Amino acid sequence: MVTCLVYGTLAWQGYLDHIIAAFSRRPPQALDAPVRVVLRLALFQTCLLTRVPDFAAVNTAVQLAKRFRGGAAAGLVNAVLRRATVEWPQVQFPSSADDPAGYLATRLSHPRWLVERWLARYGF
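These numbers come from a predicted model, not from an experiment.

According to the stated counting rule, one finds 2 aromatic pairs in the structure shown. Centre to centre, the rings of W12 and Y15 are 5.6 Å apart; their planes meet at 75°, and the pair counts as edge-to-face. Taken together, a centroid distance of 5.5 Å and an interplanar angle of 10° make the contact between Y15 and F93 stacked. On the criterion of sequence distance, the pair formed by Y15 in helix α2 (residues 13-23) and F93 in the loop between α5 (74-87) and α6 (100-107) is long-range, its members being 78 residues apart. In this structure Y15 comes out as buried when scored by relative accessible area, which is 7%. A relative accessible area of 17% means that F93 is categorised as buried. Through a chain of ring-to-ring contacts, the aromatic side chains of W12, Y15 and F93 assemble into a single cluster.

What follows concerns the state of the cysteines. Per the counting criterion, the structure on display carries 0 disulfides. Free cysteine C4: the closest other cysteine sulfur is in C47, separated by 14 Å.

Each value, and the rule that gives it
Here the residue numbers are simple positions, counted from 1 along each chain's written sequence. A pLDDT threshold of at least 70 governs which residues receive local features in this predicted model, and a stricter bar of 80 or more applies before side-chain atom pairs are shown or counted, although totals over entire chains, interfaces and linings include all residues. Remark: hydrogens and water are excluded; side-chain values derive from all non-hydrogen atoms of the structure. Any two rings among Phe, Tyr and Trp, with Trp reduced to its six-membered ring, count as a pair given centres within 6.5 Å; such a pair is stacked if its planes are under 30 degrees apart, edge-to-face if over 60, and tilted if neither. Only runs of H or I of at least four residues qualify as helices and only runs of E of at least two qualify as strands under DSSP, and these elements are numbered from the N terminus. Summary of the burial criterion: residues with accessible area below 20% of their type's maximum are buried, those above 50% are exposed, and those between are partly exposed, where the area comes from a 1.4 Å probe applied to protein chains only. Cysteine sulfurs are considered disulfide-paired once they come within 2.5 Å of each other.

This is the structure:
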């Protein structure tokens, strides 16, 4: 299970960062790395896995955040995840008509340059 969490969180990093950006006042790149990783891990469990209950993913993430900088990030992690666990299906993605590369890169969590290359070669 740990391997699935690690590899899954890494593979879906772009998708998860897009969701974090929708629920955080600060962009994911501006968050401290440990906080960003905890948010990604919890959102991977919530959004892409089916066996982990939302409350368990949120609670575990908050407990992990309490270990960083004296727990200063625990409130942020809790707030972002509480909203995201309920509202993540409504997150807006780039339009497939207006920005097909952005849509595919975000939705499928691939590097944009690679998606642009595939689109040039194979089309949408």
